[in-house]
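# Summary of the model geometry
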Amino acid sequence: MKTKIADLEFEPLIKAEAIDERIKTIGKQICSDYKHCVPVFIGVLNGSFLFIADLIKQIDIPCEITFTKLASYYGGTKSTLKIRDDIDFAMDIKGREVLIIEDIVDTGNTAHYLIEKLQVKEPASIKLCSLLLKPASLLKKIDELKYVGFEIESGFVVGYGLDYKEMGRNLKDIYKRVK
Ligand code: 5GP
C-alpha cells in the first residue's frame, strides 16, 4: 500500500518479515566470525537505530557496543557529500576488532570518512555491516564492507529507522519513493 510522507509518495520495498529473516542470518554469521574475540560494535545514528537494536539481539557472543552520530542527508533525499560529525565516542578501540553498523551505504562517503577516522585509533580490524547498499551509487570501493542486508536500486528509501524530513523512521517496512 502506498504511503505519503510530507510531499513525497512511497510504496513498500522490503517487508518487516524479510528484514527480520535477513538480520537473523547476518547475526549468525557475525557470531561465527567473531567468536575468537570480544568485538566492539559501533552503531552509526540516527538511521540505523532499529537495525542496531534488532541485530544486537541476535548476537550471543560477548561484545561491546558504542555509538557515533554522523549526517550527510540533513533530512533531504540526496547526499550533500558533506559529513557532519554530531556525536563522537570515547571508547578506546586500540587493538580491538571493530564492526561498524550502518543503515545504508549510498555514495560510500560516510563509510569512508568513518573508517579513516577509526583507523587513526589503531584497532586490530575494521569491518562494516550495512542493512542496505545501493551498488550503482557507490563512488568509492569499500573493502571493509563485509555484511550487507539487501542490495537496492539507487532511489530514495524510508522506514525501519530511515527518515524523510525526520519522519517515517517508525515504519516497520522499508519503502521506496515513487513520486
Ligand atoms: P553515503 O555517505 O553513503 O552517501 O550515505 C550514507 C548516509 O546517507 C546513510 O547513513 C543515510 O543516513 C543517508 N542515506 C543514504 N541513502 C538514503 C536513503 O535512500 N534514504 C534515507 N532516508 N537516507 C539515506
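Residues numbered from 1 in each chain as written. Predicted model: local features only at pLDDT ≥ 70, side-chain atom pairs only at ≥ 80, totals over all residues. Heavy atoms only, no water.

### Things to note about the sheet that holds strand E10 (residues 174-177)
- Overall, antiparallel pairing links the four strands, which are arranged E1-E2-E10-E9 in an open sheet. Edge positions in the sheet fall to strand E1 (3-5) and strand E9 (157-158), since each has one partner strand and no second.
- In the sheet, E9 pairs with E10 via two bridges, with the strands oriented antiparallel. By the bridge assignment for E10, Val 158 is matched with Tyr 175. (Pairing = 2+ DSSP bridges. Helix = DSSP H or I, 4+ residues; strand = E, 2+ residues; numbered from the N terminus.)

### What to know about the packing of aromatic side chains
- Tallied over the entire structure, the rule returns two aromatic pairs.
- With centroids separated by 6.2 Å and ring planes inclined at 50 degrees, the aromatic side chains of Phe 10 and Phe 156 adopt a geometry described as tilted. Residue Phe 10 is located in strand E2 (residues 8-14), and its partner Phe 156 is located in the loop between strand E8 (145-151) and E9; the two are separated by 146 residues in the primary sequence.
- Assessed through its relative accessible area of 8%, Phe 156 is described here as buried.
- Considering the side-chain rings of Phe 156 and Tyr 164, the 5.9 Å spacing of their centres and the 75 degrees angle between planes classify their relative orientation as edge-to-face. Judged on exposure class, the residue Phe 156 and its partner Tyr 164 are both buried.
- In textbook terms, an aromatic cluster arises when at least three aromatic residues are bridged by ring pairs, as seen for Phe 10, Phe 156 and Tyr 164. (Phe/Tyr/Trp six-rings, centres within 6.5 Å; stacked < 30°, edge-to-face > 60°. Buried < 20%, exposed > 50% of the residue type's maximum accessible area, 1.4 Å probe, protein only.)

### A closer look at the site of the ligand
- Neighbouring the ligand are 18 residues, the closest being Thr 107, Thr 110, Lys 134, Val 157 and Asp 163.
- At 2.9 Å from an oxygen atom of the ligand is found a main-chain nitrogen or oxygen belonging to Asp 106.
- Between Gly 108 and the ligand, the recorded distance is 2.8 Å, taken from a backbone N or O atom to an oxygen atom.
- Burial of the ligand by the protein chains amounts to 93% of its free accessible area of 510 Å².
- Within the residue set of the shell around the ligand, elements represented by two or more residues are strand E6 (97-105) and helix H3 (109-119).
- With four residues, E6 is the single largest residue contributor to the shell around the ligand.
- When its residues are assigned to classes, the shell around the ligand shows six nonpolar, seven polar and five charged. (Near = heavy atom within 4 Å. Polar contact = N/O pair within 3.5 Å; in protein donor to acceptor, adjacent residues only side chain to side chain. Areas by Shrake-Rupley, 256 points an atom, 1.4 Å probe, with all protein chains shown as cover. Nonpolar A, V, L, I, M, F, W, Y, C, P; charged D, E, K, R; others polar.)

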